[in-house]
Amino acid sequence: MVSDYSLDLEGIRMQLETARSMSAGKLSNYNNKAVCFLKMIKNQPLTKSGSGKDVRHFEFEFVSAAIEYEVGDVLEILPSQDPAAVDTFIQRCNLDPDALITVQHKEMKNYLPDIHKNTTEVPIKLRTFVELTMDVASASPRRYFFEVMSYFATAEHEKERLQYFASPEGRDDLYKYNQKERRTVLEVLEDFPSVQMPIDWLVQLVPPLKTRAFSISSSPLAHPNQVHLTVSVVSWTTPYKRKRTGLCSVWLAGLDPQQGIYIPARFQKGSLPRPPPSVPLILIGPGTGCAPFRGFVEERAIQSSSGPAAPIIFFFGCRNEDDFLYRELWLSHSLNDGVFSEAKGGGFYVAFSRKQPQKVYVQHKMLEQSQRIWNLLLSKASIYVAGSATKMPSDVWSTFEEIISKEGEASRDSAANWLKALQRAGRYHVEAWS
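Cut-offs and rules
- Positions within a chain are numbered from 1, following the residues in the order the chain's sequence is written.
- Side-chain atom pairs in this predicted model are given and counted only at pLDDT of 80 or more, local residue features only at pLDDT of at least 70, and totals for whole chains, interfaces and linings cover all residues.
- Side-chain figures throughout are based on the complete set of non-hydrogen atoms in the structure, without hydrogens or water.
- The secondary structure listing takes helices from DSSP runs of H or I that are at least 4 residues long and strands from runs of E that are at least 2 residues long, numbered from the N terminus.
- Each residue is placed in one exposure class: buried if its accessible area under a 1.4 Å probe, protein chains only, is under 20% of its type's maximum, exposed if it is over 50%, and partly exposed if it falls in between.
- Pairs of strands are assigned from DSSP output, requiring at least two bridges between the strands.
- Each axis is a line fitted through C-alpha atoms, and for a helix only the stretch in contact is used; angles between axes span 0 to 180 degrees, taken between their N-to-C directions.
- Contact between two residues is taken to exist if any of their heavy atoms lie within 4.5 Å; hydrogens are not considered.
- Whenever Lys or Arg places a side-chain nitrogen within 4 Å of a carboxyl oxygen from Asp or Glu, that contact is recorded as a salt bridge.
- For the purposes of this section, nonpolar cores are sets of buried Ala, Val, Leu, Ile, Met, Phe, Trp, Tyr and Cys residues that join through side-chain atoms within 4.5 Å.
- Pairing of aromatic rings covers Phe, Tyr and the six-membered ring of Trp, with a centre-to-centre limit of 6.5 Å; geometry is then stacked below 30 degrees between planes, edge-to-face above 60, and tilted otherwise.

- In the nomenclature of an unreviewed UniProt entry, the protein is known as NADPH-dependent diflavin oxidoreductase 1 of Citrus sinensis.

## Let's talk about unusual backbone geometry
So, point 1. We note that asparagine 94 has phi near 60°; this positive angle belongs to a residue other than glycine.
So, point 2. Inspection of the secondary structure puts asparagine 94 in the loop between helix H2 (83-92) and strand S4 (100-104).
So, point 3. Judged by relative accessible area, asparagine 94 falls into the exposed class, the value being 66%.

## A short note on the pairing of strand S8 (residues 226-232)
So, point 1. Burial runs high along S8: six of the seven residues are buried.
So, point 2. Bridge analysis of strand S2 (residues 55-62) against S8 gives seven bridges, and the strand direction is antiparallel. Paired with phenylalanine 60 across the strands is valine 227, a residue of S8.

## Focus: the sheet that holds strand S12 (residues 281-284)
So, point 1. One open sheet accounts for five strands, arranged S14-S13-S12-S15-S16; its pairing is parallel. Looking at the sheet topology across the chains shown, the edges are occupied by strand S14 (347-352) and strand S16 (428-433). Looking at each pair of strands side by side, their axes are set apart by 10° on average, direction ignored.
So, point 2. Note that strand S13 (residues 312-318) and S14 share six bridges and pair parallel. Note on S14: the bridge partner recorded for phenylalanine 316 is valine 350.
So, point 3. Sheet contacts for helix H14 (residues 392-407): S12, strand S15 (382-388) and S16; angle to S15, the most-contacted strand, approximately 150°.

## So, the sheet that holds S8
Sheet strands pair via backbone hydrogen bonds, and the direction of the pair is either parallel or antiparallel.
So, point 1. Overall, antiparallel pairing links the six strands, which are arranged S7-S3-S11-S1-S2-S8 in an open sheet. The open sheet has two free edges, formed respectively by strand S7 (212-215) and S8, since each of these has just one partner strand. Sheet twist, expressed as the average angle between the axes of neighbouring strands with direction ignored, equals 40°.

## Let's talk about the pattern of salt bridges
So, point 1. Under the definition given, this model contains 21 salt bridges.
So, point 2. The shortest N-O distance in the salt bridge between arginine 127 and glutamate 131 comes to 3.3 Å. With arginine 127 and glutamate 131 both in helix H3 (residues 126-133) and four residues apart, this pair spans about one turn of that helix.
So, point 3. One salt bridge connects glutamate 187 with arginine 244, and the closest N-O pair in it is separated by 3.0 Å. Taken together, the residues span a long stretch of sequence, with glutamate 187 in helix H7 (residues 185-191) and arginine 244 in strand S10 (residues 243-245) at a distance of 57 residues. Assigned by exposure class, glutamate 187 and arginine 244 land together as buried.
So, point 4. Linked by salt bridges that have partners in common, Glu181, Glu187, Arg242 and Arg244 make up one network.

## Quick notes on the nonpolar core
The tendency in soluble globular proteins is for nonpolar side chains to be buried side by side.
So, point 1. If you look at the biggest cluster of nonpolar residues, it comprises 44 residues, and the most contacted ones within it are Phe89, Met134, Phe145, Met149 and Leu202.
So, point 2. Setting aside its immediate chain neighbours within four residues, methionine 149 contacts Leu162, Val188, Leu189, Phe192, Val195 and Met197.
So, point 3. The next biggest cluster of nonpolar side chains, apart from the first, holds 26 residues, and it includes Val279, Cys318, Phe324 and Phe352.

## Digging into the packing of aromatic side chains
So, point 1. Summed over the entire model, instances satisfying the criterion amount to 28 aromatic pairs.
So, point 2. For the pair phenylalanine 62 and tyrosine 69, a centre-to-centre distance of 6.3 Å together with 85° between the ring planes defines the contact as edge-to-face. Here phenylalanine 62 and tyrosine 69 have matching classes, each one buried.
So, point 3. Residues tryptophan 330 and phenylalanine 348 carry aromatic rings whose centres are separated by 6.1 Å and whose planes lie at 25° to one another, so their mutual orientation is stacked.

## Considering the environment of glutamine 371
So, point 1. Relative to the helices and strands, glutamine 371 resides in helix H13 (residues 370-378).
So, point 2. Note on glutamine 371: relative accessible area 42%, which makes it partly exposed.
So, point 3. Through-space distance from the C-alpha of glutamine 371 to that of leucine 202 is 59 Å; in sequence the pair is 169 residues apart.

Here it is, written out as structure tokens:
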């Protein structure tokens, strides 16, 4: 993150890519797309306070060279780590934050990377390298990390504990201590204070700082020179009542657009291809699954204002009115000649799972509109599904099978085969995340 207007963004970008390219053993695909900088101009809560959820609408302006993207694309953001956590990690590991280093990865597997100081190659400060490439205070280490730690433990009781964690007998206890509690590298190192691991091992074993991918929720036709995101701020409690938060979402939510924040990001193709205006759309996007469809709807509205455009029906789901994301937007498109209006052949259907005693999900609303869905499918409509990767995608698929079987007067097996043929033809798309 950069918050100083006077800084040279190109210089920052080169420093970022230098550090990330040194971690090529873990981040080998990082440089497939160039890093660009986005300026945050809006950080708006979408959910009401007390709803139990915190979902934000973010808007960014392009500040790098002209950037092209399409609806359905994905924005990858490199999150900023807590500077205090980075400093604590460096101090705990007895490292020199100002040391100039380069990292060269051995070609053969299982070889340690070479850490050089003051070489003729372009060096980088150790602290910068840690901050931009090593996830020290969010990700949990793997089992091998504990095994290597045992070799460097000087306290006998710590060595025994680490050896037990690394053994087959200690697998379950390691899972409870590490993965279930989402214990971070820094927390693990602090729990075993006698361990002093060399930087060579730390570079290899500390989990890489990964970019976070978000479905873009805007259309470049509706918002030139901007990109929007819809982000759920992640937090949860572990079995031992420790509060954990998502690194990137919490960081974004805490940023103030008034401070002139620049964020490093990359645009990537997602799994939802941009539909031509002539194709009818059946959209299913409960919760933040509505994000890409906000862009789809914005784009179809612009297309329909300048020529013929096929109808859209959209099935949205949330718990109640408190987390009804983009409520005014969807309802405005349902009025007059909006893309969801009856005049345009569209429709917007919302399922409130907790507004009434009986839970209602998007698949229930789909069944209520069974005939409309079938008619659109016969008109060569494409299906787009986005949202949680838990049960929703499979439940929606099963509902489509039920609709096709009922309206097409076919067996369930025939309906399943019909749906699979739709998928093979590029007319059934899913983007799901955990």
